[in-house]
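Tertiary structure, described
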Amino acid sequence: MSSFRRSSRTSFRTLFRKRAGAALAAIPLLAGGLVALATTTAAPAAAVDNGLARTPQMGFNNWNSTHCRAEFNEAMVKGIADTFVSQGLKDAGYTYVNLDDCWAQPNRDASGNLVPDPVRFPHGIKAVADYVHSKGLKFGLYSSAGTKTCDVQGFPGGLGHEQQDANLWASWGVDYLKYDNCNNNGVEAKQRYKAMGDALTAATRSTGRPILYSICEWGSNQPWTWAPAVGNSWRTTGDISDSWSSMISIAHQNQSLAPYAGPGAWNDPDMLEVGNGGMTDTEYRTHFSLWSQMAAPLLIGSDLRTASASTLAILKNTDVIAVDQDPLGKQGTVVSSSGGLVVMAKPLADGGRSVTLTNETTSTKTVSTTVQDIGIGGASSYALKDLWSKATSTTSNAISASVPAHGTVMFRVTPGSPVPPPTGLSQLSDLPWTSAVGGWGPVERDRSNGEQAAGDGRVLTIGGTTYAKGLGTHAPSDISYYLGGACSSLGVDVGVDDESTNGGSVRFQVWRDGTLVADSGVRTAADPPRHLSADLKGGSKLRLVVTDGGDGINYDHADWADAKLACGAGPSAGTHDLSDLTWTSATNGWGPVEKDRSNAEQAAGDGTPLTVNGTVYAKGLGTHAPSSVSYYLGGSCSSLTTAVGVDDEVTTKGSVVFQIWRDGTLAADSGKLTSADAAKQLSVDLTGALEVRLVVSDAGDGVDYDHADWAGPRLVCG
């Protein structure tokens, strides 16, 4: 609980600024018209290393069901512990039985110690903790980082008594502290919460009892930027209430904070209301699904002793719990949000994803996404398990469901065997990744990261250089591709996108399996593109990782530009007539590119033997400007020689330019050739080249009759 219900408190929404620096009024709306509360994106603090909450904590807290009423007492707490065991909640993963406010007397004793209320807890707190421990469970307590707690009766807070209280709680067997934010006398939040964190650490060292530290600061001072180094979880919002509007609003507020969550340190959107009666079972399933998808602590807030079968079925859904407790420790992120239809995806340790399809409207809707949109790919099929109905199916790409009003369909998506990339030189943005996790919004194909919505970026631009192809990300990000040992190299330009007008610094790393094979060093928004080359020979997995450059993750829009992956072997050793090989791509200005004959008219095969200025060539390529023909070499060839000219089937007009491109570099240029010119010889060194591209362009007088022959082209390899 907290004092957020008091009108004197500053509105939570006024405490944020838009990450791009615009006014709050400019923040885009999420589904249902609710404001998407964007945040500053300072670098997350390193998680506190106390060995606790490696997955989000699970348990019970009495506040949502009892508040400070008389039924909150020793008998109730023991009854909850009994129910944990008898109803299988302990087996499902629920561990902590926690007390909230009102457990103490209004005043400390003469020694300054907290005193349990003798009416509520006649045997004291230690006896209750011992009982909870006897059930194989853990016990939690509540206080506030102020002079008094949040209830209007004003029980003693911990401000100024941090070490005394921590030592006392440890002696009682407390395993968990929820530390609220009321009556704080204006003392700076980080100072107050760090003081208690230090006290708990000291108490643990002296007693050997670890105490999980739950910071209940309500998101007032952006605790996600500093609390990970202090405690195991931190509240990101004000108090939840038992209504759809409260629950879904809090979910929206918590969704954008995914970069700050991880093992040992979790965003906490407050306790569960499941079973308290203010929402339907459909809405409670959405509540439980979204909290699990957001890797939130799962603290039951209803009286389990009288819980209905449907409430227990929701709380004990082990498939959904497994998503919350996934050891990878990633918080799910919003993939799409439009018209009240919201898709979230969460990376899982097995390489799959959990996906929630939520319908926030008041009528049944179809909610859809794809495997690529949720950040996986590279397989021919994917297994889908509906985590509520338990139905199973497969898909090649589409994920869709009819979702009731205020409902959520939740799938676990597991890829089948991955498929290696095709032989040749491919743009990474054209290939399916096996996993893609962006630090802010989704990873984008052929556009910059933009803001948070999918597709809201622009043309990839680094230092004024624009790129048609590539991947737009935001630190921290991690993209994986399956190679299957079939690929040899990666070439890519990297840098901070020019949309980062207010700074930004990042580091790009390329990993082959577990080995770092390329590192950009720190790149800032002022730097030009940097080219990275990576040896991928024998690798099964390619990872593209972007980390913060050391000054926080604000504006860390990072581009992998013109990322080309070379896979498979090139032509065999020996001398090859180029027309006997298979090209990787071919475009032509009129009709198809022809093998061993001229372009002629438009139909395939309607040409004649290749002839330039009276000389006939048995082998070659007949084209028409503008044309481009590419061959994959795989670094295995050394040279190409060819004659070039306008075919004799052109009796008038016809003027062209032939060019040979080695990877991205012009290697030979014929100059202008007309139908009156003899064939011209071109020769290029291709040693180590991955690709050769034969280009014909118009020489400036229009493309009429621009029939252009690559005559007798021979490629030497090996």
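Below is a summary of the structure that appears in this document. It should be emphasised that the depicted structure is a prediction, and the values quoted were computed from it without experimental measurement.

All chains considered together, the criterion is met by 25 salt bridges. With its nearest N and O atoms 2.9 Å apart, the salt bridge here joins Asp303 to Arg305. By relative accessible area, Arg305 is classed as partly exposed at 41%.

The next subject is the pairing of strand S28 (residues 541-548). The side chains of a regular strand alternate, first on one face of the sheet and then on the other. Bridge analysis of strand S23 (residues 477-482) against S28 gives six bridges, and the strand direction is antiparallel. Paired with Tyr481 across the strands is Leu542, a residue of S28.

Spatial strand order, S31-S36-S41-S38-S39: five strands in an open sheet with antiparallel pairing. Two strands bound the open sheet, and with one partner strand each, they are strand S31 (585-587) and strand S39 (665-674). Each strand of the sheet is rotated relative to its neighbour by a mean of 10°, with strand direction disregarded. Sheet topology places strand S38 (residues 655-662) next to strand S41 (residues 691-698); seven bridges connect them, and they run antiparallel. If you follow Ile660 over to S41, its bridge partner there is Leu694.

So, about unusual backbone geometry. In this structure, the amide linkage connecting Ala475 to the following residue, Pro476, adopts the cis form with an omega of -10°. As for its placement among the helices and strands, Pro476 is situated in the loop between strand S22 (470-474) and S23. Cis geometry is found at the peptide bond from Ala625 to Pro626, where omega equals -10°. By the secondary structure assignment, Pro626 is in the loop between strand S35 (620-624) and strand S36 (627-632). Despite not being glycine, Ala295 shows a phi value in the positive range, around 50°.

For any two helices packed against each other, one specifies the inter-axial angle together with the distance between the axes. Two numbers describe how helix H5 (residues 162-172) lies on helix H6 (residues 189-207): the axes approach to 8 Å, and their chain directions differ by 40°. Here H5 is positioned oblique relative to H6, judged by the angle of their axes. The chirality of how H5 crosses H6 is right-handed. Each of Glu162, Gln163, Ala166, Asn167, Trp169 and Ala170 in H5 lies in contact with H6, whose residues at this interface are Ala195, Met196, Asp198, Ala199, Leu200, Ala202, Ala203 and Thr207. A breakdown of the residues in the contact of H5 with H6 according to their chemical character gives nine nonpolar, three polar and two charged.

Our next topic: the sheet that holds strand S11 (residues 353-359). Spatially, six strands are ordered S9-S10-S11-S16-S13-S14 in an open sheet, and the strand pairing comes out antiparallel. With one partner strand each, in any of the chains shown, strand S9 (333-338) and strand S14 (392-395) form the two edges of the open sheet. Averaged over all adjacent pairs, the angle separating strand axes in this sheet is 25°, with direction ignored. The pairing of S11 with strand S16 (residues 408-415) spans six bridges and is classified as antiparallel. Pairing of Arg353 across the sheet is with Val413, part of S16. Lying over the sheet, helix H8 (residues 281-293) contacts strand S10 (341-347), S11 and S16, oriented at roughly 140° with respect to S11.

Counting residues in hydrophobic clusters, the biggest one holds 100 residues, and the most contacted among them are Tyr94, Trp103, Trp169, Phe288 and Trp291. Looking at this core, the element that brings in the most residues is H6, giving six residues. Once you skip the residues sitting within four places of it in the chain, Tyr94 turns out to touch Met58, Gly59, Phe84, Leu89, Leu137, Phe288, Leu298, Ile300, Leu315 and Ile321.

What follows is about H5. Here H5 has its buried residues at Glu162, Asp165, Ala166, Leu168, Trp169, Ala170 and Trp172. If you follow the buried residues of H5, they end up packed against helix H4 (124-134), strand S3 (138-144), strand S4 (176-180) and H6. Where H5 terminates, the next one or two residues include Gly173, which has phi positive at roughly 95°.

Within the secondary structure layout, Ala618 lies in the loop between strand S34 (615-617) and S35. Residue Ala618 is classed as exposed on the basis of its relative accessible area, which comes to 65%. Considered as a pair, Ala618 and Tyr131 are 487 residues apart in the sequence and their alpha carbons are 94 Å apart.

Bringing the side chain of Ser426 into the picture now. With respect to the element layout, Ser426 can be found in strand S17 (residues 424-427). Apart from residues no more than four positions distant in its own chain, Ser426 is found in contact with Leu431, Ala563, Lys564 and Leu565.

What counts as what
- Residues numbered from 1 in each chain as written.
- Predicted model: local features only at pLDDT ≥ 70, side-chain atom pairs only at ≥ 80, totals over all residues.
- Heavy atoms only, no water.
- Salt bridge = Lys/Arg side-chain N within 4 Å of Asp/Glu carboxyl O.
- Buried < 20%, exposed > 50% of the residue type's maximum accessible area, 1.4 Å probe, protein only.
- Pairing = 2+ DSSP bridges.
- Helix = DSSP H or I, 4+ residues; strand = E, 2+ residues; numbered from the N terminus.
- Axes fitted to C-alpha atoms, helices over the stretch in contact; angles between N-to-C directions.
- Parallel < 35°, antiparallel > 145°, perpendicular 65-115°, else oblique.
- Left-handed = near helix turned anticlockwise from the far one by under 90°.
- Contact = heavy atoms within 4.5 Å.
- Nonpolar A, V, L, I, M, F, W, Y, C, P; charged D, E, K, R; others polar.
- Core = buried A, V, L, I, M, F, W, Y, C linked by side-chain atoms within 4.5 Å.

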